[in-house]
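This is what each chain is made of:
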Amino acid sequence: MPSLYGFGYNGFGQISSDVERDCVTSPLCITSQTKRKVLTSSHTWSSSIYSYDEKLLRRGLTNNLGRELTKENISSKCIQSILNFDNHGYGILQDNGEFVLQFEPERSEIFTKRHVGSVAKDSNGFYLVADDVLLHCNNILESPIIMRPMFSSHKVRNVSCGNCHSLLSTHNGNVFSWGIGSHGQLGHGDMETLKQPQLIDALGGVCIKRVGAGGWHSAALADTDDLYVWGWNQSGQTGFQAPVGICTNSTEALKMENSTKDSNAIGVVLNPTLLELEMCADSNSFVSIIDVSCGVRHTAAVTSCGTLITWGWARYGQICHSCCKPDTDIPTDSVHCEAHLPQTVMWFKTHGLYVTGVVCGPWNTFVTTSDYG
């Protein structure tokens, strides 16, 4: 049976209320906790929402024991994705393209006139890709919700939002970015801020099918299953040895060989760069990536072989590397806070589990699996 596992930050009980420490250091089966098949989930730094059977379950700051959220006429079996607005409420994208906003306790809004294909939450509102058009609400507290079209000259495929930047991919495989570029997360070779989406020229000629925005880094998955990454790399969240692609506080780019000469340097990868992960065990080729997700300072990817590869910051066990299990008695500058390069999470292999998908919360990771065979 498909199962959902979580590991990493658990300070508000968003993974499990049975774990006393603020981190879950090994994958914990959320499916067995709910005693139901968990289908979809959405995560903020303080709470998680899980869908199962005919209900939604919220865990975290509001109630770490879990509180059921019910909405009439919505079956969790039809839920494609969830937006978690913490105490303000949640949004549900259903398989039929209907998007429902539920603001607790009584206010709700339903978008049915257009087919919604992708949703993403930003700092104050959210984006919808409806009938291939990007729509934005910049304030979820507005009543009624006002969706403003933007970027109508291109057919948008999907959208993703980081802490202060956004990415979108179009149906013809182009990638656009906008927002704050202070850590190179926009991928334009500089650290400038953009108010409107701008084409990432460095990905020209590469057909991108999916994008992922982390805290201050970015990832793009090509239709060839190649993975491109860029942005802040102080914790190795781009997958390269940190720091790579150095910029000083004065935003002047330095060559990599000079990186250790400036104590104020920040690791930044300014342009999208192909990340070649480990070789397949049964061939001489690099692994193919079928899914990728970015946390604030870590990244996780699923391979076509059903394995999970993670890298970046490990403070709360969110990358699940055996070399960096967190300990509350270890100071924060110890091994688990260093940058960690891409590595297969062997726990799933040793437990006979085939990884099918991954979603990163800010400081945690959630993985869907099935049994081999």
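Residues numbered from 1 in each chain as written. Predicted model: local features only at pLDDT ≥ 70, side-chain atom pairs only at ≥ 80, totals over all residues. Heavy atoms only, no water.

### Points about the overall build of the chain
Here comes step 1: If you tally the helices and strands in the chain, you get 2 helices and 30 strands.
Here comes step 2: Taken across its 373 residues, the chain has 54% of its residues classed as buried.
Here comes step 3: In the chain, once contacts between residues fewer than 6 apart in sequence are set aside, the share between residues at least 24 apart is 48%.
Here comes step 4: Accessible surface for the chain amounts to roughly 16,200 Å². Of this, 48% is attributable to carbon and sulfur atoms. (Helix = DSSP H or I, 4+ residues; strand = E, 2+ residues; numbered from the N terminus. Buried < 20%, exposed > 50% of the residue type's maximum accessible area, 1.4 Å probe, protein only. Contact = heavy atoms within 4.5 Å. Areas by Shrake-Rupley, 256 points an atom, 1.4 Å probe, with all protein chains shown as cover.)

### Remarks on the nonpolar core
Looking at soluble globular proteins, one finds that nonpolar side chains tend to be buried together.
Here comes step 1: Counting 21 residues, the largest nonpolar core has Phe7, Leu308, Phe348 and Val367 as its most contacted members.
Here comes step 2: Take this core: its biggest share by element is 4 residues, from strand E29 (residues 353-360).
Here comes step 3: Other than its neighbours up to four places away in sequence, Phe348 contacts Tyr5, Phe7, Pro27, Leu308, Leu353, Val355, Val367 and Thr369.
Here comes step 4: Leu101, Leu128, Leu135 and Cys137 belong to the second largest nonpolar core, which has 18 residues in total. (Core = buried A, V, L, I, M, F, W, Y, C linked by side-chain atoms within 4.5 Å.)

### Concerning the sheet that holds strand E11 (residues 116-121)
Here comes step 1: With antiparallel pairing, 4 strands are arranged side by side in an open sheet as E11-E12-E13-E14. Two strands close off the open sheet at either side, each with one partner strand: E11 and strand E14 (148-150). Neighbour to neighbour, the strand axes of the sheet diverge by 25° on average, direction disregarded. (Pairing = 2+ DSSP bridges. Axes fitted to C-alpha atoms, helices over the stretch in contact; angles between N-to-C directions.)

### So, the sheet that holds strand E27 (residues 308-312)
Sheet strands line up and pair through hydrogen bonds in the backbone, either parallel or antiparallel.
Here comes step 1: Pairing is antiparallel across the open sheet formed by 4 strands, whose spatial order is E25-E26-E27-E28. One side of each edge strand has no neighbouring strand; the edge strands of this open sheet are strand E25 (289-294) and strand E28 (340-344). When the angles between neighbouring strand axes are averaged without regard to direction, this sheet yields 15°.
Here comes step 2: Here 5 bridges tie strand E26 (residues 298-303) to E27, and the two strands are oriented antiparallel to one another. Bridging from a neighbouring strand, Val302 pairs with Leu308 of E27.

### Digging into the pattern of salt bridges
Here comes step 1: Enumeration over the complete set of coordinates arrives at 2 salt bridges.
Here comes step 2: Put simply, Asp225 and Lys209 hold a salt bridge, and the shortest N to O gap is 2.9 Å. You can see Asp225 sitting in the loop between strand E20 (217-222) and strand E21 (227-232) and its partner Lys209 sitting in strand E19 (residues 208-213), a full 16 residues away along the chain.
Here comes step 3: Here Lys209 falls in the partly exposed class, since its relative accessible area comes to 21%.
Here comes step 4: For Arg210, the salt bridge is made with Asp291, and the minimal N-O distance between the two is 2.7 Å. Here Arg210 is found in strand E19, whereas its partner Asp291 is found in strand E25, with 81 residues between them in sequence. (Salt bridge = Lys/Arg side-chain N within 4 Å of Asp/Glu carboxyl O.)

### A word on the pairing of strand E9 (residues 99-103)
Here comes step 1: Of all 5 residues in E9, 5 are buried, a share of seventy percent or more.
Here comes step 2: Across 4 bridges, the pairing between strand E8 (residues 90-94) and E9 is antiparallel. From the neighbouring strand, Gly91 faces E9, where its bridge partner is Leu101.
Here comes step 3: The hairpin formed by E8 and E9 contains 4 residues between the paired strands, and Gly97 there has a positive phi angle of roughly 85°.
Here comes step 4: Both E9 and strand E10 (residues 107-111) contribute to a ladder of 5 bridges, which runs antiparallel. When the bridges of E10 are listed, Phe99 appears paired with Phe111.

### Remarks on the side chain of His298
Here comes step 1: By secondary structure assignment, the location of His298 is in strand E26.
Here comes step 2: Separated by 2.9 Å, the side chains of His298 and Thr365 make a polar contact. (Polar contact = N/O pair within 3.5 Å; in protein donor to acceptor, adjacent residues only side chain to side chain.)

### Some thoughts on the packing of aromatic side chains
Here comes step 1: Enumeration over the complete set of coordinates arrives at 17 aromatic pairs.
Here comes step 2: Taking 4.8 Å as the distance between ring centres and 70° as the angle between the ring planes, the aromatic pair formed by Tyr9 and Tyr316 counts as edge-to-face. Taken together, the residues span a long stretch of sequence, with Tyr9 in strand E1 (residues 3-9) and Tyr316 in the loop between E27 and E28 at a distance of 307 residues.
Here comes step 3: A relative accessible area of 10% places Tyr9 in the buried class.
Here comes step 4: Take Tyr316: its relative accessible area is 14%, and that puts it in the buried class.
Here comes step 5: A centroid spacing of 4.6 Å and a plane angle of 65° characterise the contact between Phe151 and Phe176, whose relative ring orientation is edge-to-face. (Phe/Tyr/Trp six-rings, centres within 6.5 Å; stacked < 30°, edge-to-face > 60°.)

### Remarks on the confidence of the model for the chain
Here comes step 1: Model confidence for the chain is summarised by a mean pLDDT of 83, while 80% of its residues fall at 70 or above.
Here comes step 2: Element-level mean pLDDT values for the chain span from 39 in strand E23 (residues 253-254) up to 98 in E20.
Here comes step 3: Low pLDDT (under 50) marks residues 247-264, which in the prediction has 21 contacts with non-local residues, meaning those over four places away or in another chain.
Here comes step 4: Low pLDDT (under 50) marks residues 328-336, which in the prediction has 11 contacts with non-local residues, meaning those over four places away or in another chain. (pLDDT = per-residue confidence, 0-100.)

### Some thoughts on the side chain of Ser47
Here comes step 1: Tracing the chain through its elements places Ser47 in strand E4 (residues 47-52).
Here comes step 2: Residue class for Ser47 comes out buried when judged on its relative accessible area of 2%.
Here comes step 3: In terms of polar contacts, Ser47 uses its side chain to reach the side chain of Asn84, at 3.0 Å.
Here comes step 4: Polar contacts involving the side chain of Ser47 include one to the side chain of Asp86, which spans 2.6 Å.
Here comes step 5: Apart from residues lying up to four places away in sequence, Ser47 is in contact with Gln14, Ser42, Arg58, Arg59, Gly60, Leu61, Asn84 and Asp86.

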